[in-house]
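Residue-level structure breakdown
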Amino acid sequence: MSDMPPQPSAGMPLPAVSPSAVSDQSAPWLRWIVLAAVALAAMLVGAIATTVVLFSMRDGQPQPQNGYEVRVSLEVDVTAEQKGAVESALSTRYPADGVERESREEAWERFKELFKDQPDLIRSASPSAMPESFRVVTVSQVFDCAALAPVERMPGVDKIIVRQLADGRHPGAVVLNCP
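Quick caveat, the model's predicted, so the values are computed rather than measured. (Residues numbered from 1 in each chain as written. Predicted model: local features only at pLDDT ≥ 70, side-chain atom pairs only at ≥ 80, totals over all residues. Heavy atoms only, no water.)

Looking now at the overall build of the chain. Broken down by element type, the chain carries 5 helices and 5 strands. Looking at the 179 residues of the chain, the share that counts as buried comes to 23%. Considering only contacts within the chain whose residues lie at least 6 apart along the sequence, 74% involve residues at least 24 apart. Approximately 12700 Å² of the chain is accessible, and the part contributed by carbon and sulfur atoms is 62%. (Helix = DSSP H or I, 4+ residues; strand = E, 2+ residues; numbered from the N terminus. Buried < 20%, exposed > 50% of the residue type's maximum accessible area, 1.4 Å probe, protein only. Contact = heavy atoms within 4.5 Å. Areas by Shrake-Rupley, 256 points an atom, 1.4 Å probe, with all protein chains shown as cover.)

Of all the residues in helix α3 (residues 104–114), the buried ones are A107, W108 and F111. Buried residues along α3 cover an arc of 100° about the axis, so they all sit on one side. Against β2 (99–102) and α4 (119–124) lie the buried residues of α3. (Arc of directions from axis to C-beta.)

Right, let's talk about the pattern of salt bridges for a bit. This structure, assessed with the given rule, holds 11 salt bridges. One salt bridge in this structure joins E87 and R101, with 3.8 Å as the shortest N-O distance. Taken together, the positions of E87 in helix α2 (residues 80–93) and R101 in strand β2 put the pair 14 residues apart, joining distant regions of the chain. You can call R101 partly exposed: its relative accessible area is 44%. The salt bridge partner of R135 is E100, with a shortest N-O separation of 3.2 Å. Of this pair, R135 sits in strand β3 (residues 133–140) while E100 is found in strand β2, placing the two residues 35 residues apart along the sequence. (Salt bridge = Lys/Arg side-chain N within 4 Å of Asp/Glu carboxyl O.)

Counted under the stated rule, the structure contains 3 aromatic pairs. Ring centres of W108 and F111 lie 5.8 Å apart, and the angle between their planes is 20°; on these two criteria the pair is classed as stacked. Taken together, the positions of W108 and F111, both in helix α3 and 3 residues apart, correspond to about one turn of that helix. For the pair W108 and F111, a shared accessibility class is recorded, and that class is buried. Taken together, the ring pairs connect W108, F111 and F115 into an aromatic cluster. (Phe/Tyr/Trp six-rings, centres within 6.5 Å; stacked < 30°, edge-to-face > 60°.)

The next thing to look at is the nonpolar core. Formed by 20 residues in total, the largest nonpolar core has its most connected members in V70, V72, V86 and L90. Mapped onto this core, the elements with two or more residues apiece are β1 (66–74), α2, β3 and β4 (157–164). At 4 residues, β1 tops the list of elements feeding residues into this core. With sequence-adjacent residues up to four places away left out, L90 is seen in contact with V72, V99, F134, L148 and V151. Listed in part, the 5 residues of the second largest apolar core include A107, W108, F111 and I122. (Core = buried A, V, L, I, M, F, W, Y, C linked by side-chain atoms within 4.5 Å.)

Here is the structure:
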């Protein structure tokens, strides 16, 4: 028992321990905590900086524009007054784009051109079955289908088809579910 240091008793003073002895013993785990905290802070700063740079670059660049074709087919028995009202409503919604009117004869010619490789289909149709329609081609970042809802409810309107046109990013002919 002589190898063991004496145990302090109630009246005996504790041995003095130098501050360097305490820090030398706790330094390895404390260094890892500090290192982990610094690494975490560096990652957070890097992530925030990257996000700021990406958002600032995005805002400085123009957003891609898409072309859309809006085709409003009219009912067979549409009146001249109803046609005028539909054309006026479309011109109000798309003032800069221009509204084109397509007669039954023009629709028949377009139909024959689209289906020129299907002669049986052309023989089964007739010019009188082709609807008159209005066509608008417009360009915007996204298409606002809600703007067409009042036109769809107008007397004389049979249906509306909105098609995204081809460009360098996609092949087009995407029919939007409007309105």
